4 protein chains.
Amino acid sequence: MNTFGKRLTLTTFGESHGPAMGGVIDGFPPGFKIDFNLLYKTIAKRRPGSSPLVTARNEKDHPEFLSGITPEGITLGTPIGFIVRNTDHHSSDYDEMARIYRPNHADYTYARRYGVRDHRGGGRSSARETVNWVVAGALAEQWIASKGIKVEAVLSQVGPVTAGDIFDGLMTKPEQPFSLDVNPEIKLAMEQVVTEHKKRGDSVGGKVSCLVTGMPPGIGDPVAGKLHAALAGAMMSINAAKGFEYGLGFRASCANGSETADSFIPISNEDENIKTATNFSGGIQGGITNGMPIFFSVAFKPTPTLMMPQCTIDTSGQKAVLNPAGRHDPCVAVRAVPVVKALTAFVIADYLV
Amino acid sequence: MNTFGKRLTLTTFGESHGPAMGGVIDGFPPGFKIDFNLLYKTIAKRRPGSSPLVTARNEKDHPEFLSGITPEGITLGTPIGFIVRNTDHHSSDYDEMARIYRPNHADYTYARRYGVRDHRGGGRSSARETVNWVVAGALAEQWIASKGIKVEAVLSQVGPVTAGDIFDGLMTKPEQPFSLDVNPEIKLAMEQVVTEHKKRGDSVGGKVSCLVTGMPPGIGDPVAGKLHAALAGAMMSINAAKGFEYGLGFRASCANGSETADSFIPISNEDENIKTATNFSGGIQGGITNGMPIFFSVAFKPTPTLMMPQCTIDTSGQKAVLNPAGRHDPCVAVRAVPVVKALTAFVIADYLV
Amino acid sequence: MNTFGKRLTLTTFGESHGPAMGGVIDGFPPGFKIDFNLLYKTIAKRRPGSSPLVTARNEKDHPEFLSGITPEGITLGTPIGFIVRNTDHHSSDYDEMARIYRPNHADYTYARRYGVRDHRGGGRSSARETVNWVVAGALAEQWIASKGIKVEAVLSQVGPVTAGDIFDGLMTKPEQPFSLDVNPEIKLAMEQVVTEHKKRGDSVGGKVSCLVTGMPPGIGDPVAGKLHAALAGAMMSINAAKGFEYGLGFRASCANGSETADSFIPISNEDENIKTATNFSGGIQGGITNGMPIFFSVAFKPTPTLMMPQCTIDTSGQKAVLNPAGRHDPCVAVRAVPVVKALTAFVIADYLV
Amino acid sequence: MNTFGKRLTLTTFGESHGPAMGGVIDGFPPGFKIDFNLLYKTIAKRRPGSSPLVTARNEKDHPEFLSGITPEGITLGTPIGFIVRNTDHHSSDYDEMARIYRPNHADYTYARRYGVRDHRGGGRSSARETVNWVVAGALAEQWIASKGIKVEAVLSQVGPVTAGDIFDGLMTKPEQPFSLDVNPEIKLAMEQVVTEHKKRGDSVGGKVSCLVTGMPPGIGDPVAGKLHAALAGAMMSINAAKGFEYGLGFRASCANGSETADSFIPISNEDENIKTATNFSGGIQGGITNGMPIFFSVAFKPTPTLMMPQCTIDTSGQKAVLNPAGRHDPCVAVRAVPVVKALTAFVIADYLV
């Protein structure tokens, strides 16, 4: 219930306002030299407080690695245990939440599931958990990079501002150079939407798009272990995720087979990897990579925490008012970008170890 | 790699043109009386040849149950083994495919993954596998029905013809009566689109929408076992699936938090289940049910098999022409309806056993 | 609950008097050519009726393979489904057992576990299940043989007649030639013990010893995946197994460290595998093979079915008499020999795929 | 590879001389009040330095719980993460071991398995890992105690000094009062054997016997999830374990069925649990408990670390001498007693959650 992956696994723990988050990474390949400088930089990108647009909680989020790595930074093949201390929690901000259920949060559902819950900052249901994923994903990212695989993620929509059909070129003309960068004007417009919502104490949804290049063909398992199903399962595990699509995605519903057939380009040398003239498939067929780029998008709902009074109920079901307290992420999708990237790297690594 | 579920599991086998499909259902509750008449009816809905719109392959698809059930039809709690014979395969239709890769199929990826493949009818990658899921799902459906849970699925889009925002009423006014039925005129238009594509030898994409009612609150596991992530993983395992969204789905990307907060309706009796005034969440919060209806949609690409010559390559990478052969489903989404329903019932049961 | 293995898995089903036994082997390597003649011979060794000493139930036990293998006998890497029909069951022999609990059987415990049970021939708790293991093990055996690994098993004790410290030479002088064969006189004495017990309607315990040679070093996982722990778990899953020991086994309890240290023999070439001067360890250290032979023994209790009236209780707890009926294996250890061999081959293969 | 259990799981990490040991306990029931005083006492029993007979390494071994428990000591149902710092390691004692392989240790096998190893104190293969199991087992023990289940373990053999057929009374007259206590004279003799070996720098084997009382009937899963197979797998995972037997154990090999039939005692009230007149089965039939006491023994080899020079090889295969260094446990079975108890409690809890 708290373990991701099959061959490379990540088992995590931690409540938002408990002593620490942490996890165990099992199955990481031995003999790999970790670049800790790069690692801490990658992890820092998730950190709250790194941008005026996100929650003010400011923690160093410096993971302490406890096992599985030699003093020289070489992986041993044994499980890598790590913890990240929770240092900046203002638990008293959440006192009210012990007796009321916040709308659109997991307060009521956890209470029903367990009969007991840690109300402080959302407890186990908090997005604080994603720090564990980013630590594990940052390690995975270095390892798959050593095999020539690169994962990129970008914020492709915030409320009404969208980067459009961001993968269009990649689908129709995969041989052309492609960049996942979003136009600076659109980025600015996105920031304005976030700022406006923040001012009003409101929140707004968004979309994150992700690209994986350098994948060798033949990676994935059929039927119950399809690579894109694993990606979907991982992405939908991220807090606030509401949708996943890869390749042509939902636009496939109105497409013709004859126009989206991804025909093969003949090759002269039998040992070469094969390419396709278009890439509507998104690099995966029958759950297994064909060597073309993998790409997908994930939709995120507006964060349910609002900085305005909300009508709700208390734990006995009576009407109550929730006053704004705690911290506020006006657009959870902003912070989801490094999380999508990290989990993607982890899933890819799980299929390659 | 061929096992679905955690507590209730389905392990399957079978190549499209091998002797049989089949599976083992483990963890099914003991002492449950199966209604075999109903079971065979449910399974028949998936059957090819049940409509002029789908592939002409006509098989009885009558499962033989080999264990786990007493002669009186009572489950024993022990694994339920079953097989479904493959009887109507025209393997010679597929001879050409031994030496060429069909575009947009899993031929090339299986060859890369395993070094060997069964080219006849797609082998293990064929949608024939879904018969196993429908058998298991039909059993699960009966069992969850005994707990008051109902799963419905409907074809909500075929190419350009769409049933619109099919769950709109359910999200904004969940207290109003709701039907998943699609307007007969739209259904007729969908059929016409399929028929036109069939005539041209082309294929077309579609969308299937699914509704689960009667769920008790508190079902689901946090973090790596979220109910909607399990549903996403299962749905994306269906052949040709390209996208999954639940609740507000991709529309969440442009929504405000203040307008989609799903506030609670106060209750007079503490023992009652709680309801929300809106249901943009789709019945799940933090991965756990809140007791409101669950609903989601799945996008399907056009089936890659076309009844027209296609340029492709042979197994040595040389240019080749694929002549139409075998059977043809112009719109795989049509046949996915009972599959979506079956897998959903199975996933729900997995969380309830 | 019905799945053995981690990477190579066997999921089984079947009640003794149901339509069929069967299973799914998942993770078997692709591209392996199966020798079906050899396979059927290996499987036949388990068959009841193959010796006057064992139960009279006479079934062909011919597995039908349903998937995962090409018509030419090449494995596809996809799951191998198989069934073995139950053809010679005399269910009426067991009518009495619907209302009484046989002593020392699993009748009462299954009734408590599931609330329902298949009393005919022991249902799921019958040793009939081992036919599934022997089918899977026979496939595994061929595959590990292709890597130079050989598994042998022998009956090393029947009641008071024992082959002695059968592995003594292998432990103290591993460089000497070694045979697992049991002295013909001891074998004859064992047969006499079985025959005497059969005549009296009684049963007798026994011991099976197993040897694995040709193992490469470095196979096994530490901590929760130790190779000898997996072997212990598998062996103790065999019906009637009461004990497992490997290497020095229970004699280790009274040994000194200085006399059982298995010191290394220096080598001239760094690429060579290392050998040890003694092999009290039984070829495994820290859960991982060192390249020396692996050996272990498994104790089996007398089969609880007796051909004599027994005092027992009925399902309401009242005194009852169990009259002899059904078939009778006076010494279950005799039939366990091919089962031990098969499961061992399967466990070894699980660590090598 | 580092996860124990199926429903209640323990995933561990830690090298002997790394920063910390630790683990994640997932699936622990919510709403349980932990008695921390009792917990620390239980954990302290494993601690090195608690007796002159065991290794001099003296660590507080105080676990820090990081999640899954409220400040009031109530379990949340979410994963319980914990760490135990390694504070008293004298890594320089082990410098020599970087270039030589200690006989009968896991040095060579880890090197072959991973290509890299942490030589300091045995790294991941050290019995230091058992501290993780004792922490998890101590929690499990409290929870099963709340259900009336008690686990006891005792040292029943050290070298030639044995407590005899310690479970004899329990098998033949289970209705008589039974104590697992070992006669004080025998205990003294055991201590003398340990002391003598310690003086000589030698080590000695031993045996630990374990008793579980208060088990309800119907606990366990058939075929691949048998309770005694899970116990065997867990016990054989303990460092230095060489054998496992339950109930009649290896003596079953020379027993008759008619004398070991465990006949049922008729009951007057159908709702009562059933008892048997003898208990040669050891409380489990077909892998499922029958409500009678469970008991088993585990054989341990002499610890391979000796306080005398030993001939061995270096990592290039050349002859080398290993000089005594590090700490020394003359009889690992002594310290295995609380480990056997802890893992048993954990396995039992895994079947009850």
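Residues numbered from 1 in each chain as written. Chains lettered and ligands numbered in written order. Predicted model: local features only at pLDDT ≥ 70, side-chain atom pairs only at ≥ 80, totals over all residues. Heavy atoms only, no water.

Peer 1: It is not clear to me how the side chain of E141 of chain B should be interpreted in this structure. Could you clarify?
Peer 2: Residues and elements named next belong to chain B. Tracing the backbone through its elements, the reader meets E141 in helix α3 (residues 130-145). A residue is classified by how much of its surface remains accessible, and E141, at 19% relative accessible area, is buried. Looking at E141, its side chain comes within polar contact range of the side chain of K341, at 3.2 Å. When near neighbours in sequence (up to four residues on either side) are disregarded, E141 contacts T42, V151, K341 and A345. (Helix = DSSP H or I, 4+ residues; strand = E, 2+ residues; numbered from the N terminus. Buried < 20%, exposed > 50% of the residue type's maximum accessible area, 1.4 Å probe, protein only. Polar contact = N/O pair within 3.5 Å; in protein donor to acceptor, adjacent residues only side chain to side chain. Contact = heavy atoms within 4.5 Å.)

Peer 1: Please explain the sheet that holds strand β1 (residues 3-4) of chain D as it appears in this structure.
Peer 2: Hydrogen bonds between backbone atoms are what pair the strands of a sheet, whose relative direction is either parallel or antiparallel. All names here are of chain D. The sheet built from five strands is open, its strands ordered β1-β2-β3-β5-β4 with antiparallel pairing. Edge positions in the sheet fall to β1 and β4 (64-65), since each has one partner strand and no second. Pairing analysis gives two bridges linking β1 to strand β2 (residues 9-13), with the strands arranged antiparallel. Residue pairing across strands places T3 opposite T11, the latter belonging to β2. (Pairing = 2+ DSSP bridges.)

Peer 1: Just to check I follow, could you spell out the interface of chain D and chain A for this structure?
Peer 2: Reports often express the size of an interface as the amount of accessible area lost when the parts come together. Facing 37 residues of chain D, the contacting portion of chain A comprises 37 residues. Here chain D packs against chain A, burying approximately 2,700 Å² in sum over the two surfaces, 66% of which is carbon and sulfur. Three residues stand out in chain D for area buried against chain A, namely F13, L66 and L76 of chain D, and they jointly supply 21% of the buried area on that side. In this structure, the salt-bridge partner of R85 of chain A is E64 of chain D, at a minimum N-O distance of 2.7 Å. Where chain D touches chain A, the interface holds eight residue pairs in polar contact (both at pLDDT 80 or more). Among the residues forming the side of chain D that touches chain A, the class breakdown is 16 nonpolar, 13 polar and eight charged. (Buried area = accessible area lost by both parts, 1.4 Å probe. Salt bridge = Lys/Arg side-chain N within 4 Å of Asp/Glu carboxyl O. Nonpolar A, V, L, I, M, F, W, Y, C, P; charged D, E, K, R; others polar.)

Peer 1: Explain the pairing of strand β3 (residues 20-26) of chain C to me, please; I cannot follow it from the model alone.
Peer 2: The two faces of the sheet receive side chains in turn, since in a regular strand these alternate between them. All names here are of chain C. Extensive coverage of β3 is indicated by the burial of seven of its seven residues. Residues A20, G22, V24 and D26 line one face of β3 and the alternating positions M21, G23 and I25 line the opposite face, and both faces are buried. Bridge analysis of strand β2 (residues 9-13) against β3 gives five bridges, and the strand direction is antiparallel. Note that in β3 the partner of F13 across the bridge is G22. Counted between consecutive antiparallel strands, the loop separating β2 from β3 contains six residues, among which G14 sits at a positive phi close to 130 degrees. As defined by bridge partners, β3 adjoins strand β5 (residues 80-85) across six bridges and the pair is classed as antiparallel.

Peer 1: Is there a simple way to explain the relation of the copies chain B and chain A in this structure?
Peer 2: Two copies of one chain are present, and they are related through a rotation about an axis combined with an axial shift. Here chain B sits on chain A after a turn of 180 degrees about the axis and a move of 0.0 Å along it, with an RMSD of 0.0 Å. Classification of the inter-copy transformation places it as that of a two-fold axis. The rotation axis passes nearest to the C-alpha of G233 of chain B in chain B, at a distance of 2.4 Å. Both copies share a contact surface, since 100% of the interface residues of chain B are interface residues in chain A too. (Least-squares fit on C-alpha atoms with pLDDT ≥ 70 in both.)

Peer 1: What exactly am I supposed to notice about the environment of P29 of chain C here?
Peer 2: Residue and element names in this part refer to chain C. Structurally, P29 is set in the loop between β3 and α1 (36-44). Considering only alpha carbons, one finds P29 and Q157, 128 residues apart in sequence, at a separation of 36 Å. P29 has contacts with T75, G77, W143 and V353, leaving out every residue within four places of it along the chain.

Peer 1: Looking at this model, I keep getting lost on the arrangement of the chains. Mind explaining?
Peer 2: The least C-alpha distance between chain A and chain C, which are not in contact, is 8 Å. In this assembly chain B lies apart from chain D, the nearest approach of their C-alpha atoms being 8 Å.

Peer 1: Looking at this structure, how should I read the interface of chain B and chain A?
Peer 2: Taken together, the contact pairs 103 residues of chain B with 104 residues of chain A. When the two sides are added together, the surface that chain B and chain A hide from each other amounts to roughly 7,300 Å², 59% of it contributed by carbon and sulfur. Area buried by chain B at its contact with chain A is led by V223, K242 and F264 of chain B, which between them contribute 10% of it. Where chain B meets chain A, there are two salt bridges. Across the pair R113 of chain A and D221 of chain B runs a salt bridge whose closest N-O atoms are separated by 2.4 Å. Across the contact surface, chain B and chain A share 45 residue pairs in polar contact (both at pLDDT 80 or more). Across the side of chain B that touches chain A, the residue classes break down as 44 nonpolar, 42 polar and 17 charged.

Peer 1: How should the relation of the copies chain D and chain A be read in this particular structure?
Peer 2: With an axial shift of 0.0 Å and an RMSD of 0.0 Å, the rotation relating chain D to chain A amounts to 180 degrees. Looking at the interface residues of chain D, 100% of them are also at the interface in chain A, so both copies use one shared face.

Peer 1: Please clarify how the confidence of the model for chain A should be interpreted in this entry.
Peer 2: Detailed reading of the predicted coordinates is not advisable wherever pLDDT is low. Within chain A, residue pLDDT values average 93, and 95% of them lie at 70 or more. What the predictor reports for the complex is a pTM of 0.96 with an ipTM of 0.96. (pLDDT = per-residue confidence, 0-100.)

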